[in-house]
Each structure stands twice: as structure tokens, then as C-alpha cells.
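Per-entry structural report
So the chains spell out like this:
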Amino acid sequence: MSKPAKTHKIKMMEEQLAKKLNRQVVGSLVGCVHCGMCNDCCHYVLTHPDDPKMTPSYKADQVRKLFKANHDWTGSVFPWWVGADKVPLTDDDLDTLKDIAFGTCTNCRRCTINCPMGVDTATLNRLMRGLLTNVGVMPEGVRVVSKDQWELGNQMGVLKEDYIDTLEWMSEELEEDLGHGEAEIPIDKAGAKIMYAINPREVKYDPRTIKEAALIFWAAGEDWTMPSEGWDNTNFGLFSGDDGLGGASAKREYDKARELGVDKIVISECGHGYRSTRHEGVNWSGEAEAFPMESSVLTMLRYIKEGKIVVDPTKNPQRMTFHDSCNNARSCGFYEEPRELLRLVSTDFQEMYPNRAEGFCCTGGGGAMSMSEYTPRRLKSGEVKANQIKETGAEVVVTSCHNCVDGLGDVLKHYEIGCEIKQLVDLVANALVVEECAVMKNRPAGAPMPEVPDALKPDAEEAAAPAVAASTPLAGRRVLVVDDEEDIRTFLVTVFEDAGAETMEAADGDECIEKAKTFKPDLISLDLSMPGKSGVDAFVELRRTEGLQEIPVCVVTGHPEFRQVIYDRPVAPPEGYLNKPVDEDKLVSYVAHIIEAKDEKAN
Amino acid sequence: MHESSSLLHTAEVVHWAALIIMAVVYSLRLRWLFKFKPGADKSAPGNPNYTDKKKGAFYSLFNVAMPWSMESTRKGFTFYLTFVIFHIGVVAGIALAFLSTVAPNLVANPIFAWICGTSLFLAFLVAIYRVFRRLLKPVMKLISTPDDYFSLLMLTAWFGLGAVTQAHVAGVAGYENINLLVAYLFLTSFFLIYVPFSKISHYLYYPFTRIWIGRALGHRGSYPIARG
């Protein structure tokens, strides 16, 4: 039977491949001897022992075949001899390649550092992703996120007004915490020394990290700003293999930093964001000279060493372990400073093995969190990480990466490990002894000394607790709690009622619609996976029902893989999305903000 | 070159001709490789405390002699040992082929003969193990091409023939069988011509791929690998 003719897409991929070849890539393409040494280094292989297709060299061979068929002497003349006869020919073949390149590898680069030949297999997998992306073949999540990053300048589709609104909200929170407005977050402050670039996840799901960073900058007496544009340090170009997107995203940050005239970009804790902004972005965007940049971890460490901030490690007494982001550790050599900082701000650190450049992926790398179709496989591959964490006996897993926070969150939940996940900014902010920090010591003579709240004074953790419990940010609000699990409903109801809200419960989608009509809540806390009418269906119905469509919905789910499902519905997206287990304070402040934002819009 | 038989003389001439062909093809291979533009990392050094391109390159180039440097060789130490034996066998086989044409007396020296013959024999055993590994292990079957199988089978035959040839050249079997040496030289000649077109040419690329990845990760600060 004769082979089908190459489709247009395949021809385009071959043309693109020729453009992307450089000496190092070609070295990796010709260097593999198929020795199989990379096999046992991959978390997908270790957790799928019966599936040989998980081996890294097989994944890299997909692009290697294309190369050999088109560029290698032997492959051009005798393709079958070197496996170059099995190149993709049809668009169906491209779907298979998509599943291999996106669904069986997180580009963690662990195979790269374990290859005796020095073959950079992860780079070859990224090359294949780029070839596929170039012809429009990619998982739907990658397409959506890439589109958002191209069009809105950030990968989570955060609108500029929402971003600014969140910064203002955090400024207000800080003012409430501190009792004065000195720590307000500066936006677009020309001539500041530092421009702080963050992960859009911080705006959308975890704004507390912005507040914590602002507190630290204030305490250190730093001259800093956040930009109104070019603030997203993440870069989906790294994941999709699209160097064009990678360059454009990084350039937004560099251009904004130059426009503001800052000395340095400080990159918040994000592994791939750090790698993309600090390193790869410089190359993708064709920068003649790299703009000065550093990770916020280095900034915080320097503040402590220079005495600009003072920390009390006893405020973080739990047993902690550290998870290295693959991008930080393997691709940026950034692994000692986070440990140094962690030791300074906590009292019980337990190393995880293997670690640093040899650590295993959290499973969320390579954009895996946005590809819900591969979630079951990804979670299975997380067994390696889960076992690593279990062996430490830690109560808290600390990581310097937002992607890892999500990836580890899924793994801990899936393997039922009762660990908290924190970032270094959380720990530093918690350990701050503000009254001994630079902002208090270096005040000009005669300047009034702001009072330091109890929560930020040394050994004041207990004293702070009642203050938090006593606050009622949801006073006068009505919250409908929808969840099929009674204990979770009870928990959520208790949290909301403690915060001053009036609540009502519903156990499935039908009850949710019914009670929404009668109770007229200010917000619905909605679980997604429920028997009968699911949360997804209930959500769509809410959005399509006159009188209910304006009610803000905060999804609270134990199935993070549903995120894509709900955002793909042809209706307005939910106002909030939180993963279980949910932190009480975070839930209350998040929900309060959603309701306030809705009020402001209505007014 | 000695002239104990015209057949042997022919084998030696073919062997040297094959060597020249291999050198020419290898030169063309390198020229081809270096025609691709070099990938440059314009970003600032990754971590001032650890960044060192030269150190990274040096570490990377010689990690073949540091089985502790990679998890794959640390945990798979037995496989690493077979790798060492296999490649010592390659060196012994090349030495036998070349020295038999330029220093036949040395090849017949008992000490040389024992070292070279033993190396070839052990490499032969390892090669047989590798053939079965490639044939039986699902992962290896999946990633193997005809070139992988052929190269390995030919090397297995070359090691085996080399070991027997060395034994006869040294008179270990009680007599010298010149025909074995002729066959060995012809097989080596075939190899010399085939190798630049096969996976066996990996050793040509090895220094480059290792130095390049070493420089790249050295610049970022992740090479040499630190453990704690």
C-alpha cells in the first residue's frame, strides 16, 4: 500500500524545523544512541512502568525522525534504516504527536541532565511542541492561554482594570492590617529602583502574595513599583514552544521597565516565569543586552542580610521541606538561595531527596495545569513526588513557584497527604518583625512612627488570632453554599457565618437553582462535582436565567482539572475559582472582594 | 607493513584506505554540523555564585569518568560498568587492528595479547548482553532502529572475532592463523566505512554535545550539579 502524501501542515512543520535548527539542537538530534539511560529518570516512566512510550528518547525521536528524514545523510537515502520512514504524514498523525509532546512530558529536563551523551531531550520536546503550535495543533488549554497572553498581555486573561483593582484592594487590605496607608502599592512610579513583575495567578487566585510582597518592600524601605502593563512574568511561549510569543511576552516587561526607568526587574516566585524573563526571554526577544533582573527570593534574602528587614524564624515553627522548581533548579542554577532564606525564616527544615537539580517535577510543569485532558496521567505521575514529600514527614512544603503550588496541590490532594503548601514570600511576611525593620529605624527625624499592629510584632501570633476571628467582612451579606458533601457545607457555612454572612445550603445543582431564586444571595459558593445536576450545569443555568445571571459565583472545587471545563462554557466565566482544601482567611477575603467588586460595578 | 601473505597485505591496504575514507567523511560530517548557526545565550549569567561556563563544560565533558555525577550512572552502576567494558573493548579492537599492521611484534607480545584479548572477550560478553537487552526489553525494542541492531550485532561479531584473532596472533591456541587476522582487518575496514553513516559516529559528536550542554548549564549555574 502506498503512503499518503504529506499534508500541508506536515510540509509547514518541515519548513519550520529547518529554521529552528542550530548547532546545539542538531547535536542533540544526532547524538542519541538509544542507550535507554534516560528511562528511569523520568517521572512518567517511573509511574507508568508498562508503557514504553513514556521513555524520553521515544518522545525526542518524534522530532528526530523528521530531522533525519529531511536533513541527515543516512536518513535521506535509507530512511527505514534509521527510523526516519515513520515520519508523520497525515493530520491524524499530528494529533498523536500532540499527545506525546504535550501529554507525556513536562519538559522538566531531568532526562537531559541524566543523558551520558549530553542530549537535551526536553529542548527537543519543546521544539516538537513549537512545530505543532505553528500549524495550530495543540491542546485547547494551550490555545486559550496563548491567545490570552498574545491579546491581553497575560496568560490568565486578566483585564487591566481587574489587575489595577486587585492592587488597590491589596493596598486597602494592607492599610487595614497596618493601620496606616504608608504601604500603598505604587503603580507606574517612574524612576523607582525596582519594578515588581508577578504571576497572573496571584491576581486571579492568590492576591495575598501581592500583599505580602508589598509589606516586605515597605518594611525594607524599598523604592519600588508595580507596572500597569508588562507585569506578567510568566510566559506560555516556554511551554508551547512558540518563540514568537515568548519574545513578545518578555519584551513587554523589558520595555515597561525601560519606560519607567527602573534599575531592576524583580520577578516574583515563579519557576517558569523566572526562567522565561531572566534567561530565555532575552534570547527570544533578541535583546542586545539583558536588563538587570533578579528573583524576589534573592531580594528578600538580601534585605535580611543587609538588615533592612528583621525576621523571627520562630513564627514559622512547623516542619518544612523545600520543593525545587525544575525551571529554577535545572535551568537556572537557582537552588541554594531559597534554602538559605528558608532556614532564616523557619526553625525546622527537612531536606527532600533527591533535590536541587536532581529533584522531581511537581507534575504541573510545561503548562500541564492548563491541559485538563491529561490530568489523570499527570496525577499518576505525581506518585514519585508524593512519596518524596511523605518521606520528609513535613507539615509544610515550601516552593518558589506558583505553578508548583498548583501542581503540588493536586498531588497532595490526590495522594491524601496532609501538607500545607507555602511560598517563601508567605513565610518571610509572616516572620517579619516590622518594628525592627528599616522602614521604622530609618525614619527621618520628627516623622511620626506608625503603630505596628500586634500581628506584626514579635511573638504576637496568638494575640493576632482573635483579631482575625473578630472581623466580619461579610456582615449583611447572603451566601448560598452549594456542595454535595455535608461536612464541607458545614465548614463553609461556619466560615462564612463567622465572617458575618447569612447563609443557606444546597446539596446539588437543582437545589442550587431553586434556592438561588428564593434566597437571592449576594454570592454563590459552588462545588462542581455533584450527583444529579452537576455544578457545571447549574453554573450554566444560573448564567442563562433571568434574575440569577448577575449573582457572582465563586467555584470551590476539589477538581482543579474542571477549571478548563467551566471556563470553556459559552457564558460569562465565574467571578472566582478556589481549589479545595481552601484556606479560611483566603476564602473570606476572596469572597468579600468579589462581592465588593460587584457592588462597585453596580454603582 | 609486513608481507606474510598477499591476502594479508591486501587487507592491510584496504584497512588504511578505509581509514582515509572515514577521516574524509568525518571531516565532512563536522563541516556539516558547524554549518548550523551556534545557539547563543545572551542572558546574564544565571547565578553569580555558581556560574562558570568553562567549569560547566569541563564537568560535562568528563562526567563519563564520574559515575557519581549522574543519577542514571549512579543508580545504574552495573550498566555503567558494562559501558566501560564495552568501550575498553572498542579501544582494544582498534589497537589490535592498527598495531597488527604497524607493530606486529607488539601484538604478539604475551602481556599485550592477554590485556587486549581479555578486553575484547569481556566486551564480547557485554555486547551479547546488550543484544538481548535490546531485543527483549520493551523500551529498548520501541526505540531501536535497524541501524541500532545492526551496529550492535556487527560490534559483537567484531569483538568476538577480535578476541579469537588476538589469541591466534599471540599463539595462545598453539599456532598463528593469519586468515583470522585477514578477516578481522576486512571486518574492521567495513566498520571504518560504515561507522560515519551509523549511530556509532556518536563518539564524533560526543565532545561537542557534552561541551555545549556543559557551557549552557554552566552559564546558568546548574552545572556542576550540586547535591545536598
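Right, let's walk through the structure included here. Numbers given to residues run from 1 along each chain, matching the order in which its sequence is written. Both sets of labels track the order of writing: A upward for chains, 1 upward for ligands. A pLDDT threshold of at least 70 governs which residues receive local features in this predicted model, and a stricter bar of 80 or more applies before side-chain atom pairs are shown or counted, although totals over entire chains, interfaces and linings include all residues. To get the side-chain values, take all heavy atoms of the structure and skip hydrogens and water.

Residues and elements named next belong to chain A. Strand order in this open sheet of four strands is β2-β1-β3-β4, and the pairing throughout is parallel. Looking along the sheet, the strands with just one partner apiece sit at the ends: β2 (224–225) and β4 (293–295). When checking whether two residues touch, look at their non-hydrogen atoms; a contact exists if any pair is within 4.5 Å. The convention used is that axes are lines fitted to C-alpha atoms, helices contributing only their stretch in contact, and that angles between N-to-C directions extend from 0 to 180 degrees. Under the DSSP-based scheme used, a helix requires at least four consecutive residues in state H or I and a strand at least two consecutive residues in state E, with every element numbered from the N terminus. Contacting β1 (194–197), β2, β3 (264–267) and β4, helix α13 (residues 243–260) crosses the sheet at an angle of about 150° to β1. Packing of helix α15 (residues 296–305) onto the sheet brings it into contact with β1, β3 and β4, and relative to β4 it is tilted by some 80°. Between any two strands, pairing holds if DSSP finds at least two bridges.

The next thing to look at is the packing of aromatic side chains. By convention, a stacked pair of Phe, Tyr or Trp rings (six-membered ring in the case of Trp) has centres within 6.5 Å and planes under 30 degrees apart, an edge-to-face pair has planes over 60 apart, and any other such pair is tilted. Within the structure shown, the criterion is met by 29 aromatic pairs over all chains. On the basis of an interplanar angle of 75° and a centroid distance of 5.1 Å, the ring pair of Y59(B) and Y223(B) is categorised as edge-to-face. Residue Y59(B) is located in helix α2 (residues 53–61), and its partner Y223(B) is located in the segment after α10 (202–220); the two are separated by 164 residues in the primary sequence. Neither residue differs from the other here; Y59(B) and Y223(B) are each classed as buried. A ring pair is formed by W158(B) and Y184(B), whose centres lie 5.8 Å apart and whose planes are at 10°; its orientation type is stacked. Pair noted here: W158(B) is in helix α8 (residues 146–169) and Y184(B) is in helix α9 (residues 178–194), with a separation of 26 residues, a long-range link. This pair shows no difference in class: W158(B) is buried, exactly as Y184(B) is. Grouping aromatic residues by their ring pairs yields a cluster made of W80(A), W81(A), F150(B), F190(B) and Y194(B). Burial here depends on accessible area, computed with a 1.4 Å probe over protein chains only, as a share of the maximum for the residue type. Under 20% is buried, over 50% is exposed, and the range in between is partly exposed.

As a further point, take a negative patch on the surface. Residues and elements named next belong to chain A. Note that patches include only residues with greater than 30% relative accessible area and no salt bridge, and the join distances are 9 Å for like charges and 5 Å for nonpolar side chains (Val, Leu, Ile, Met, Phe, Trp, Tyr). Accessibility throughout is a Shrake-Rupley quantity obtained with a 1.4 Å probe, and a residue counts as covered only by protein chains that appear here. The term salt bridge refers to a side-chain nitrogen of Lys or Arg lying within 4 Å of a carboxyl oxygen of Asp or Glu. In summary, the charge assignment counts Lys and Arg as positive and Asp and Glu as negative, without counting His or the chain termini. A charged residue contributes its charge at one atom only: NZ of Lys, CZ of Arg, CG of Asp or CD of Glu. Negative charge collects at one region of the surface, where E168, E172, E175, E176, E184, E596 and E600 lie side by side. Counting only elements with at least two residues in the negative patch, the list comes to α9 (160–178) and α28 (584–602). If you tally residues by element for the negative patch, the top one is α9, at four residues. The residue E596 is located in helix α28 in this model.

This next bit is on the packing of helix α4 (residues 77–102) of chain B against helix α6 (residues 110–136) of chain B. All names here are of chain B. Two numbers describe how α4 lies on α6: the axes approach to 7 Å, and their chain directions differ by 130°. On the basis of the axis angle, α4 is oblique to α6. Like other packed secondary-structure pairs, α4 and α6 cross with a definite hand, here left-handed. Contact with α4, carried on its side by F79, T82, F83, I85, F86, I88, G89, A92, G93, A95, L96 and L99, involves F112, C116, S119, L120, L122, A123, V126, A127, Y129, R130 and R133 of α6 and no other residues of that element. Its residues placed into classes, the contact of α4 with α6 shows 17 nonpolar, four polar and two charged. Should an angle lie under 35 degrees it is considered roughly parallel, over 145 roughly antiparallel, and from 65 to 115 roughly perpendicular; all remaining angles are considered oblique. Working rule for handedness: look at the near helix, and if it is turned counterclockwise from the far one by less than a right angle, call the crossing left-handed; if clockwise, right-handed. Charged residues are taken to be Asp, Glu, Lys and Arg, nonpolar residues to be Ala, Val, Leu, Ile, Met, Phe, Trp, Tyr, Cys and Pro, and polar residues to be all remaining types, Gly included.

Turning our eyes to something else, we now look at helix α11 (residues 208–219) of chain A. Residue and element names in this part refer to chain A. By this rule the span expected of a helix is its residue count minus one, scaled by 1.5 Å. Taking 1.5 Å per residue as the helical rise, α11 with its twelve residues ought to reach 16 Å, and the 16 Å between its terminal C-alpha atoms agrees with that figure. Of all twelve residues that make up α11, eleven are buried, and the element is covered over most of its length. Looking only at α11, the buried set comprises T209, I210, K211, E212, A213, A214, L215, I216, F217, W218 and A219. Where α11 terminates, the next one or two residues include G221, which has phi positive at roughly 70°.

So, about the sheet that holds strand β8 (residues 420–423) of chain A. All names here are of chain A. What the four strands build is an open sheet, ordered β6-β5-β7-β8; its pairing is parallel. Where the open sheet ends on each side, the last strands, each with one partner, are β6 (348–349) and β8. Relative to β8, strand β7 (residues 396–399) runs parallel, the two being bridged by four bridges. Following the sheet pairing, V396 is matched in β8 by E420. Seen against the sheet, helix α17 (residues 336–345) touches β5 (319–323), β6 and β7 and runs at an angle of roughly 165° to β5. Sheet strands touched by helix α20 (residues 402–414): β5, β7 and β8. Its angle to β8, the strand with the most contacts, is close to 175°.

Attention now goes to the interface of chain A and chain B. Taken residue by residue, the interface counts 68 residues in chain A and 59 residues in chain B. Buried surface at the junction of chain A and chain B, summed over both partners, amounts to about 5,400 Å²; 57% is from carbon and sulfur atoms. We define buried area as the total accessible area lost by two parts upon association, computed with a 1.4 Å probe and summed across both. Of all residues in chain A, the largest losses of buried area upon contact with chain B belong to R23(A), W73(A) and W81(A), amounting jointly to 16% of the total for that side. Summed over the shared surface of chain A and chain B, the result is five salt bridges. Salt-bridge contacts for R74(B) lead to E358(A); the nearest nitrogen and oxygen are separated by 2.9 Å. Polar contacts, as used here, are pairs of N or O atoms within 3.5 Å; protein pairs need one atom able to donate a hydrogen and one able to accept it. Residues neighboring in sequence count only if both atoms are side-chain atoms. Between chain A and chain B we count 33 residue pairs in polar contact (both at pLDDT 80 or more) in total. For the side of chain A that touches chain B, the elements supplying multiple residues, two or more each, are α2 (23–31), α4 (56–71), α5 (73–77), α14 (271–284), α16 (326–332) and α17 of chain A. Looking at the side of chain A that touches chain B, its residues break down into 28 nonpolar, 21 polar and 19 charged.

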